[in-house]
Amino acid sequence: MTQTFHQTGHLLKHFLKRDRLKIILWIVCLAVFSAIFLPYFNTVAEDSGLEAMYETMQNPAIIAIAGKTLVTDDADYTVGVFFTQEMLLFCSLGALIISLLHIVSHTRKEENLGLTEIIQSLPVGRHAASAALIIENVLIHLVLVTTIIGMLLFLRDSDDVTTTGIILYASSIGAMGLFGGALGFLFAQLMPTSSGASGGGLLVTGLLFGTRAYTDVSALNWSYFNPLSWSYLSAPFDKNRFDLLGYSLLLSVIIVALATFLEHQRDIDASYIPEPKGRAHAKKSSLSVPGWIFGLNRGVIITWLITFVLFGALYGSIYGDMQSFLEGNEFIQQFLAAGGSNLSMEVSFTSTIMVVLIGIIPILPIIVINRLYTEEREQRLELILALPVSRQKLYLTAIFLAIILSIIATVITTYSLGVTALGTMTDTSMLEMSDFFKGSLNLFPTIVFFIGLAGLCLGIFPQVGRLSYLYLVYSFLLEYMSGMLDLPDWLQKTSLHSWFPLVPTNEIDWPTFTTVSLIGVALIVTGFLGYIRRDLKTA
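### Some words on the overall build of the chain
Looking only at helices and strands, the chain features 25 helices and zero strands. A compact globule built from 539 residues should have a C-alpha radius of gyration of about 24 Å, and the chain, at 24 Å, falls within 12% of that. Expressed as a percentage of the 539 residues in the chain, the buried residues total 53%. Considering only contacts in the chain between residues 6 or more positions apart, those separated by 24 or more positions represent 81%. With an accessible surface of roughly 24200 Å², the chain has 66% of that area assigned to carbon and sulfur atoms.

### Quick look at empty space enclosed by the protein
Within this structure, the stated rule accounts for two cavities of 30 Å³ or more. As a volume, the largest cavity reaches approximately 200 Å³. Taken together, 18 residues make up the lining of the largest cavity; nearest its centre are Glu 111, Thr 116, Ala 129, Ser 130 and Glu 263. When contributions to the lining of the largest cavity are tallied by element, the ones reaching two or more residues are α7 (108–113), α8 (115–120) and α9 (128–155). Class assignment for the residues of the lining of the largest cavity results in six nonpolar, six polar and six charged. The calculated volume of the second largest cavity comes to roughly 80 Å³. Ala 66, Gly 67, Lys 68, Thr 69, Leu 70, Val 81, Thr 84, Gln 85, Tyr 232, Ala 235 and Pro 236 together form the lining of the second largest cavity. The element best represented in the lining of the second largest cavity is helix α6 (residues 79–105), accounting for three residues.

### Quick notes on the nonpolar core
Judged by nonpolar contacts, the single largest core of 154 residues is most densely connected at Tyr 77, Met 87, Tyr 169, Tyr 315 and Leu 394. The dominant element in this core, judged by the number of residues it contributes, is α6, at 15 residues. The contacts of Met 87, once residues within four sequence positions are left out, are Phe 33, Ser 34, Phe 37, Phe 41, Tyr 169 and Met 481.

### Focus: a nonpolar patch on the surface
Together, Phe 400, Ile 403, Ile 404, Ile 407, Ile 408, Val 411, Tyr 415, Val 419 and Phe 437 make up an exposed nonpolar region whose accessible area comes to about 750 Å². Looking at the nonpolar patch, the element that brings in the most residues is helix α21 (residues 391–424), giving eight residues. By the element assignment, Ile 407 lies in helix α21.

### Some words on the packing of aromatic side chains
With the rule as written, the count across this model stands at 17 aromatic pairs. Judged by centre distance (5.1 Å) and plane angle (65°), the rings of Trp 510 and Phe 513 are edge-to-face. Here Trp 510 and its partner Phe 513 are both found in helix α25 (residues 510–533), three residues apart, which amounts to about one turn of the helix. The class of Trp 510 is partly exposed, set by a relative accessible area of 47%. An aromatic cluster is present here, built from Phe 90, Phe 209, Phe 311, Tyr 315 and Phe 476 joined pairwise through their rings. In this arrangement the basic side chain of Lys 493 is found over the ring face of Trp 499, its NZ or CZ atom lying 4.7 Å from the centre.

### Quick notes on the side chain of Ser 223
Tracing the backbone through its elements, the reader meets Ser 223 in helix α12 (residues 220–223). Owing to a relative accessible area of 0%, Ser 223 belongs among the buried residues under this scheme. Leave out the neighbours within four places in its chain, and Ser 223 touches Arg 212, Thr 215, Asp 216, Ser 229 and Leu 233.

### Thoughts on helix α22 (residues 433–459)
Between its first and last C-alpha, α22 extends 39 Å over 27 residues, near the 39 Å set by a 1.5 Å rise per residue. The sharpest bend along α22 comes to roughly 35°, located at Leu 443, with the proline Pro 445 sitting one to four residues further on. Counting buried positions over the 27 residues of α22 gives 22, a clear majority of the element.

### A word on unusual backbone geometry
Cis geometry marks the peptide bond from Val 503 to Pro 504; its omega dihedral reads 20°. Take Pro 504: it is sitting in the loop between α24 (489–492) and α25. At Phe 237, a position not held by glycine, the phi torsion is positive, near 70°. Here Phe 237 lies in the loop between α13 (230–233) and α14 (242–265). Residue classification places Phe 237 among the buried residues on the basis of a relative accessible area of 10%. The backbone of Asn 240 shows a phi angle near 50°, a positive value even though the residue is not glycine. Within the secondary structure, Asn 240 sits in the loop between α13 and α14.

### Description of the environment of Phe 311
Relative to the elements of secondary structure, Phe 311 occurs in helix α15 (residues 289–316). C-alpha separation for the pair Phe 311 and Gln 379, spaced 68 residues apart in sequence, amounts to 37 Å. The contact partners of Phe 311, leaving out residues within four places of it in the chain, are Gly 206, Phe 209 and Leu 357.

### Some points on the state of the cysteines
Disulfides are covalent bonds that link the sulfur atoms of two cysteine residues. Applying the stated criterion to the full structure yields zero disulfides. Its sulfur unpaired, Cys 91 is 12 Å from the next cysteine sulfur, which belongs to Cys 29. The class for Cys 91 is buried, based on a relative accessible area of 0%. Looking at Cys 457, it has no disulfide partner, and the nearest cysteine sulfur is the one in Cys 29, 17 Å off.

### As for the environment of Lys 537
Looking at where Lys 537 falls in the secondary structure, it is placed in the segment after α25. On the basis of relative accessible area, Lys 537 is assigned to the partly exposed category, the value being 39%. C-alpha of Lys 537 to C-alpha of Leu 220: the two residues are 317 residues apart in sequence and 52 Å apart in space. Sequence-distant contacts of Lys 537, defined by excluding residues within four places in its chain, comprise Tyr 373, Glu 376, Arg 377, Gln 379 and Glu 382.

### A closer look at the packing of α22 against α25
Helix-helix packing is described using two parameters, namely the angle between the two axes and the distance between the axes. One way to put it is that α22 packs onto α25 with a least axis distance of 7 Å and a crossing angle of 20°. If you check the angle between α22 and α25, you find them roughly parallel. Of the two elements, α22 crosses α25, and the hand of that crossing is left-handed. Its residues assigned to classes, the contact of α22 with α25 shows 16 nonpolar, ten polar and no charged.

### Brief notes about the side chain of Thr 410
Turning to its location among the elements, Thr 410 is positioned in helix α21. A polar contact of 2.7 Å, which involves the side chain of Thr 410, links it to the backbone oxygen of Ser 406.

About the thresholds
Residues numbered from 1 in each chain as written. Predicted model: local features only at pLDDT ≥ 70, side-chain atom pairs only at ≥ 80, totals over all residues. Heavy atoms only, no water. Helix = DSSP H or I, 4+ residues; strand = E, 2+ residues; numbered from the N terminus. Rg over C-alpha atoms; globule rule 2.2 N^0.38 Å. Buried < 20%, exposed > 50% of the residue type's maximum accessible area, 1.4 Å probe, protein only. Contact = heavy atoms within 4.5 Å. Areas by Shrake-Rupley, 256 points an atom, 1.4 Å probe, with all protein chains shown as cover. 1 Å grid on protein atoms, 1.4 Å probe; cavity = no way out; pocket = protein on both sides within 12 Å on 5 of 7 lines; lining within 4 Å. Points joined across faces, edges and corners; volume = space filled by probe spheres on them. Nonpolar A, V, L, I, M, F, W, Y, C, P; charged D, E, K, R; others polar. Core = buried A, V, L, I, M, F, W, Y, C linked by side-chain atoms within 4.5 Å. Patch = residues over 30% accessible without salt bridge, like charges linked within 9 Å, V, L, I, M, F, W, Y side chains within 5 Å. Salt bridge = Lys/Arg side-chain N within 4 Å of Asp/Glu carboxyl O. Phe/Tyr/Trp six-rings, centres within 6.5 Å; stacked < 30°, edge-to-face > 60°. Lys NZ or Arg CZ within 6 Å of the ring centre and 35° of its normal. Expected span 1.5 Å × (residues − 1). Bend = angle between axes of the 7 residues up to and from the residue. Disulfide = S-S within 2.5 Å. Axes fitted to C-alpha atoms, helices over the stretch in contact; angles between N-to-C directions. Parallel < 35°, antiparallel > 145°, perpendicular 65-115°, else oblique. Left-handed = near helix turned anticlockwise from the far one by under 90°. Polar contact = N/O pair within 3.5 Å; in protein donor to acceptor, adjacent residues only side chain to side chain.

Structure below.
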């Protein structure tokens with residue numbers, strides 16, 4: 001057993017040195033986002049703000065997005081509870097995804113590149129590298145939890161934000177990060193490629209998020225069987241259920257142990273789910289540039305399109321519960337009457353849900369565009385360019401495919417949401433199918449912008465292709481936060497989504513629609529000019 005983990009400590013030091021910049025950025029960004037908004041929640045809580053927020057956060061549409069609170073009376077709805085319901089799920093989700101991708105990139109990806117075989121040729125134990133990586137992940141999250149605790153203790157300005165609640169809040173985020181790392185380690189054993197391992201882990205994460213949205217609204221007891229739900233159901237600043245934190249840590253240990261066993265039973269670069277065998281002869285469609293690019297991304301495209309449909313149907317299924325909630329909530333009815341609004345709350349929340357659903361669609365076109373650089377980095381694009389194929393055709397085909405997929409994804413997501421929503425509501429609803437499509441059309445320029453940003457990165461700054469993902473996440477989260485908190489106007493305007501009115505609550509702002517679309521096109525053209533001029537990454 002000792003020989004199995006020989007030189008783990010030496011490898012750990014090497015990994016920490018190798019990843020030091022990434023670790024610093026990882027901890028700082030996640031800790032700041034997890035804690036920095038606490039003062040704004042104190043501002044919202046002034047006067048009778050918490051009572052209004054409690055009623056608002058009981059809406060099934062909000063619960064499906066942010067999670068369920070265990071508080072059953074507005075008198076017990078404190079600043080800490082409000083802060084937890086608004087922040088904890090998304091912070092935990094962020095920690096989970098970052099950790100998952102980090103583990104996959106240093107396990108399965110390094111196996112695919114042959115780096116693991118080089119390490120194994122040295123006098124190190126069979127599982128030393130994996131053990132060092134898991135220990136590194138644990139240390140990262142210990143520092144992350146400590147940093148979040150310190151920041152919240154410094155920023156708190158209310159007796160409701162207790163030290164015990166702060167410790168549980170931060171620890172829940174850390175526990176989800178460890179769970180994500182364990183999940184990534186498991187899929188690194190199961191899948192033959194790093195993209196498959198990342199995709200499998202993210203697919204499970206998406207399913208956990210989607211099922212918890214449904215169970216939180218319709219069957220809360222079932223949410224206790226969902227590991228992702230354990231973060232906010234631990235109820236920091238309220239019930240303080242440390243037992244759910246313990247379950248999260250125990251599950252992570254079990255998954256790591258299982259993954260270690262699976263790793264021990266397989267050879268390097270082998271997997272338990274074999275890579276499908278290719279055809280002896282390529283299809284005619286694969287001999288063209290569009291067919292080749294589509295073939296590279298076929299699995300990802302199918303997976304994401306199915307995911308979009310499921311998310312649309314999932315959020316559409318809660319409209320019936322939301323309608324029942326609104327009809328039986330006297331406080332909300334009085335609030336709407338006092339505001340003199342002629343719009344139903346269903347229309348208002350449709351505007352919010354469209355931001356969520358359209359906000360995730362750019363992920364697919366960004367993946368398609370970034371795949372060109374992956375092929376370039378792995379020295380495979382040179383083989384294509386040795387044929388009578390131009391860079392212009394490669395770039396424009398990838399962009400064209402990204403736009404077509406964006407249109408398809410927008411249509412099927414909107415249709416899935418609309419059909420399900422209208423099917424679950426009574427005839428008293430003011431919504432029509434055209435309202436859903438109007439909302440998605442309003443935000444389509446944001447997709448064009450992110451396609452342009454991805455194209456710009458590919459053409460001029462290919463090493464920072466993930467910048468598109470980072471700004472997408474930043475823009476989405478800032479828009480999500482601005483709906484509840486009184487953030488400074490300059491800060492809100494750094495989010496692309498903030499420039500667009502909420503539709504169907506409001507009418508489409510055509511000048512903004514046109515301007516952002518043209519900016520996206522300009523970025524695409526700039527990326528094109530850069531791509532045909534820059535040198536390719538060669539060995």
